[in-house]
Amino acid sequence: MTDEQSDQDRVESRAHLLPEEAAVGSDDPEAQAEAILTESDIRAADQNAAPDTVLERRTSDQTVAAVEPPD
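Starting afresh in each chain, residues are numbered from 1 along the sequence in its written order. Local features in a predicted model are, by the rule used here, given only for residues with pLDDT of at least 70; side-chain atom pairs are given and counted only at 80 or more, and totals for whole chains, interfaces and linings are based on all residues. Remark: hydrogens and water are excluded; side-chain values derive from all non-hydrogen atoms of the structure.

Participant: Honestly, the overall build of the protein chain in this entry has me stumped. Any pointers?
Facilitator: Note on conventions: DSSP H or I runs of at least 4 residues are helices, E runs of at least 2 residues are strands, and numbering of each starts at the N terminus. Helix and strand content of the protein chain: four helices and zero strands. Listing each helix as α and each strand as β along the protein chain from the N terminus yields α-α-α-α. Residue exposure ignores everything except the shown protein chains as possible cover, and the areas themselves are Shrake-Rupley values with a 1.4 Å probe. Carbon and sulfur atoms make up 50% of the accessible area of the protein chain, which amounts to about 6,300 Å² in all.

In structure tokens form, the structure reads like this:
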């Protein structure tokens, strides 16, 4: 399967509107799906691409100050 076929499969699978989307309607579900998937791919490739989105990667020992129990 080529990348183009794979992309088309993704668009077709996403073009089936969810109930809340169907209630509002869409003039072109495939174009809408393609736009959503393109934006999703951009965000997945560059996690800073989404406005106001910051993904912090820290371990649990970096998130809180360690408190020693009393003796």
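There is more to say after this.
Participant: Looking at this structure, how should I read a negative patch on the surface?
Facilitator: Only residues whose relative accessible area exceeds 30% and that take part in no salt bridge are eligible for patches, with like-charged residues grouped when within 9 Å of each other and nonpolar side chains (Val, Leu, Ile, Met, Phe, Trp, Tyr) grouped when within 5 Å. Take a side-chain nitrogen of Lys or Arg and a carboxyl oxygen of Asp or Glu: if they are within 4 Å of each other, that pair is a salt bridge. We score Asp and Glu as negative and Lys and Arg as positive, and we do not count His or the chain ends. Where a charge sits is defined by one atom per residue type, namely NZ (Lys), CZ (Arg), CG (Asp) or CD (Glu). Residues Asp-9, Glu-12, Asp-27, Asp-28, Glu-30 and Glu-34 make up a contiguous surface patch of negative charge. Broken down by secondary-structure element, the contributors of at least two residues to the negative patch are helix H1 (3-14) and helix H3 (29-45). For Asp-28, the position within the fold is in the loop between helix H2 (19-24) and H3. Each residue is assigned to one of three classes by its accessible area relative to the maximum for its type, calculated with a 1.4 Å probe on protein chains only: buried under 20%, partly exposed between the two thresholds, exposed over 50%. Asp-28 sits in the partly exposed class, given a relative accessible area of 41%.

Function cannot be read off these values alone, since they describe shape.
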